[in-house]
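Structure assessment
Spelled out, the chains give:
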Number of protein chains: 2
Amino acid sequence: MRQIIEERTGSYSRRPQPVETQGSSLRVAAHTTVLHEGDPARRIMEVVDGAVMLTKLLPDGRRQVVELLGPGDVFGLAHADAYACSAETLTPATIATHERSALERDAVLAARLLRRFEAQLCVMHSHALVLGRMSALERVAFFLLRLMPESMVGSTLHLSMTRQEIADFLGLTLETVSRAFSELKRRGFVALLRADEVRIQDRGSMRRLAGAA
Amino acid sequence: MRQIIEERTGSYSRRPQPVETQGSSLRVAAHTTVLHEGDPARRIMEVVDGAVMLTKLLPDGRRQVVELLGPGDVFGLAHADAYACSAETLTPATIATHERSALERDAVLAARLLRRFEAQLCVMHSHALVLGRMSALERVAFFLLRLMPESMVGSTLHLSMTRQEIADFLGLTLETVSRAFSELKRRGFVALLRADEVRIQDRGSMRRLAGAA
DNA sequence: CGCCGCGTTGAGTTGTATCAACGTTGGTGG
DNA sequence: CCACCAACGTTGATACAACTCAACGCGGCG
């Protein structure tokens, strides 16, 4: 669809710094596929700004959103030199890219990625618990808490995902996600200003539902 | 239960090498809990030999086996300075441990962990697809293929997990896992010599079931 | 032998998927 | 400005896969 991507090389074009690698930076529109599952994995990427989702497909078309990424998160991982997931922007985004070979040369970059990978692996562990052991209502409560940092308590959250995308992330159908939203609203745990504008009313009950996430 | 752990310091006790970190090595019996979810995360660990599973618990006791680890795999990851998962051996195992501070000093170690984290993150992505989108039969087929490397085609696989542990890994109940094994046997895709001895008879059909894993 | 943990199988229940209709919103063009 | 349309969301009725509860089988060990 809207594949508006503009690329520009790193700020230090004059003398290529050995530490600040020759990574370039992409500015990408919302709903743009940045890379495709199975393509040769040449570069590794970091979300600088915006939101990105990683997806995997089964041959018959079933889809799983395997990870939701925000600023600092890393993607473009490879299994057998091919990208393991597709990556699609949820919002307009800025993405930094690095040659894979840069990892060996640039220790600072490698250290940053190591810390990030650890954090993302922990998040994946939590997500496995969600997908493997939680009910639909619990999954949606968990999802909303995950998107709503402690800080912004009373404020309203904008969802940049459709019901189908949320369903594909939580291992549900879009109808079940919709019913779960309605049920949370009915119980007074959340308020839906619009379909994509949510306010959490009762954080305690939500946390109890989500298993003290 | 059987908490037979013997610890010994690294081989270079004389002059402590700056690169080969002061990691110690554990010899651990099967069915031993090596670390507990929530404990302060002081050390990072590598499986040298044997098999280890990482688990997470919900307050009401529901359990998810989030990862299965073999030689080379890394665990002991921290979220907010606490272990994110418990780790339990499935077989007798040898485990190398490193102080977390060693990561900053030892570039070789850091590079190895980075590669491992990338691989383990990819595996977790696949597992999210399994947990979110696959049927019970597909999950069990996927599980068996994952344990049976391409190389050993005709040979027999020893499962070191109970039906309950497999169920907790695949997000199912032990009865459903048992029925799936029976169904795979009925279809002639696998042979069950004993409950924990499996031979894959029809790898093609298994791969088709598991979505060309 | 007889117990105990683990596995299998059956019968009935339930949560989520599926299928289908209807509602809402935002954009476009008459 | 309003009518129309398309995409997204909600809600209801029904179906079905997996869960739950329960009985039974089997193998290893004291």
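Note that this is a predicted model, so its numbers are computed, not measured.

Grouped together as the largest cluster of nonpolar side chains are 66 residues, with contacts concentrated most on Phe75 of chain A together with Phe75 of chain B. Non-local contacts of phenylalanine 75 of chain A, meaning those with residues more than four positions away in its chain, are made with Val34, Leu35, Ile44, Met45, Glu46, Val47, Leu54, Leu69, Ala87 and Ile95 of chain A.

Right, let's get into the protein's contact with DNA strand D. Close contacts around DNA strand D come from 16 residues, with Arg163, Ser178 and Ser182 of chain A together with Ala136 and Thr176 of chain B the closest. Near the protein, meaning within 4 Å, the atoms of DNA strand D are sugar or phosphate in a fraction of 61%, with bases accounting for the rest. A distance of 2.5 Å separates a phosphate oxygen of DNA strand D from a polar atom in the side chain of serine 182 of chain A. Here a phosphate oxygen of DNA strand D sits 2.3 Å away from a polar atom, N or O, in the side chain of threonine 176 of chain B.

Residues in contact with DNA strand C amount to 16 residues; listed here are only the nearest, Thr176 and Arg179 of chain A together with Arg163, Ser178 and Ser182 of chain B. Near the protein, within 4 Å, the atoms of DNA strand C are sugar or phosphate in 61% of cases. At 2.9 Å from a base nitrogen of DNA strand C is found a side-chain nitrogen or oxygen belonging to arginine 179 of chain B. Between serine 182 of chain B and DNA strand C, the recorded distance is 2.5 Å, taken from a side-chain N or O atom to a phosphate oxygen. The element that contributes the greatest number of residues to the surface near DNA strand C is helix H5 (residues 174-186) of chain B, accounting for five residues. Class assignment of the residues belonging to the surface near DNA strand C gives a composition of four nonpolar, seven polar and five charged.

Attention shifts here to the pairing of strand S5 (residues 52-57) of chain A. A regular strand places its side chains on the two faces of the sheet in alternate fashion. All names here are of chain A. The element S5 is largely enclosed, with a buried count of five among its six residues. Alignment of S5 against strand S6 (residues 63-69), held across six bridges, turns out to be antiparallel. Residue pairing across strands places lysine 56 opposite glutamine 64, the latter belonging to S6. When S5 meets strand S10 (residues 86-89), the two strands line up antiparallel, connected through four bridges. Looking at the pairing, methionine 53 lines up with glutamate 88 of S10.

As a further point, take the packing of aromatic side chains. Here a ring pair, both rings aromatic, is described through the centre-centre distance and the interplanar angle of the planes. For the structure on display, the rule yields two aromatic pairs over all chains. The ring of phenylalanine 181 of chain A carries arginine 163 of chain A above its face, with NZ or CZ at 4.2 Å from the centroid.

The next thing to look at is the environment of glutamate 183 of chain B. On the secondary structure map, glutamate 183 of chain B appears in helix H5. Residues glutamate 183 of chain B and leucine 137 of chain B, spaced 46 residues apart in sequence, show a C-alpha to C-alpha distance of 7.9 Å.

A full pass over the atoms with the stated rule returns 22 salt bridges over all chains. A salt bridge links glutamate 118 of chain A to arginine 100 of chain B; its shortest N-O distance comes to 2.6 Å. Of this pair, glutamate 118 of chain A sits in helix H2 (residues 107-133) while arginine 100 of chain B is found in the loop between strand S11 (93-99) and helix H1 (102-105), placing the two residues in two different chains. Across the salt bridge formed by arginine 133 of chain B and aspartate 168 of chain A, the nearest N and O atoms sit 2.9 Å from each other. Pair noted here: arginine 133 of chain B is in helix H2 (residues 107-133) and aspartate 168 of chain A is in helix H4 (residues 163-170), and the two residues belong to different chains.

Taken together, the contact between chain B and chain A spans 41 residues of the former and 41 residues of the latter. Together, the buried faces of chain B and chain A total about 3500 Å²; carbon and sulfur atoms form 69% of this surface. The largest per-residue losses of area from chain B upon contact with chain A belong to Leu114, His125 and Arg133 of chain B, which jointly make up 21% of the total buried on that side. The tally of links from chain B across to chain A stands at six salt bridges. Viewed at the interface, chain A and chain B are joined by 18 residue pairs in polar contact (both at pLDDT 80 or more). Sorting the residues of the side of chain B that touches chain A by element identifies strand S5 (52-57), strand S6 (63-69), strand S8 (78-79), H2 and helix H4 (163-170) of chain B as the ones contributing at least two each. Per-element accounting of the side of chain B that touches chain A gives the leading share, 16 residues, to H2 of chain B. A breakdown of the residues in the side of chain B that touches chain A according to their chemical character gives 23 nonpolar, nine polar and nine charged.

So, how was this worked out
- Residues numbered from 1 in each chain as written.
- Chains lettered and ligands numbered in written order.
- Predicted model: local features only at pLDDT ≥ 70, side-chain atom pairs only at ≥ 80, totals over all residues.
- Heavy atoms only, no water.
- Core = buried A, V, L, I, M, F, W, Y, C linked by side-chain atoms within 4.5 Å.
- Buried < 20%, exposed > 50% of the residue type's maximum accessible area, 1.4 Å probe, protein only.
- Contact = heavy atoms within 4.5 Å.
- Near = heavy atom within 4 Å.
- Polar contact = N/O pair within 3.5 Å; in protein donor to acceptor, adjacent residues only side chain to side chain.
- Helix = DSSP H or I, 4+ residues; strand = E, 2+ residues; numbered from the N terminus.
- Nonpolar A, V, L, I, M, F, W, Y, C, P; charged D, E, K, R; others polar.
- Pairing = 2+ DSSP bridges.
- Phe/Tyr/Trp six-rings, centres within 6.5 Å; stacked < 30°, edge-to-face > 60°.
- Lys NZ or Arg CZ within 6 Å of the ring centre and 35° of its normal.
- Salt bridge = Lys/Arg side-chain N within 4 Å of Asp/Glu carboxyl O.
- Buried area = accessible area lost by both parts, 1.4 Å probe.

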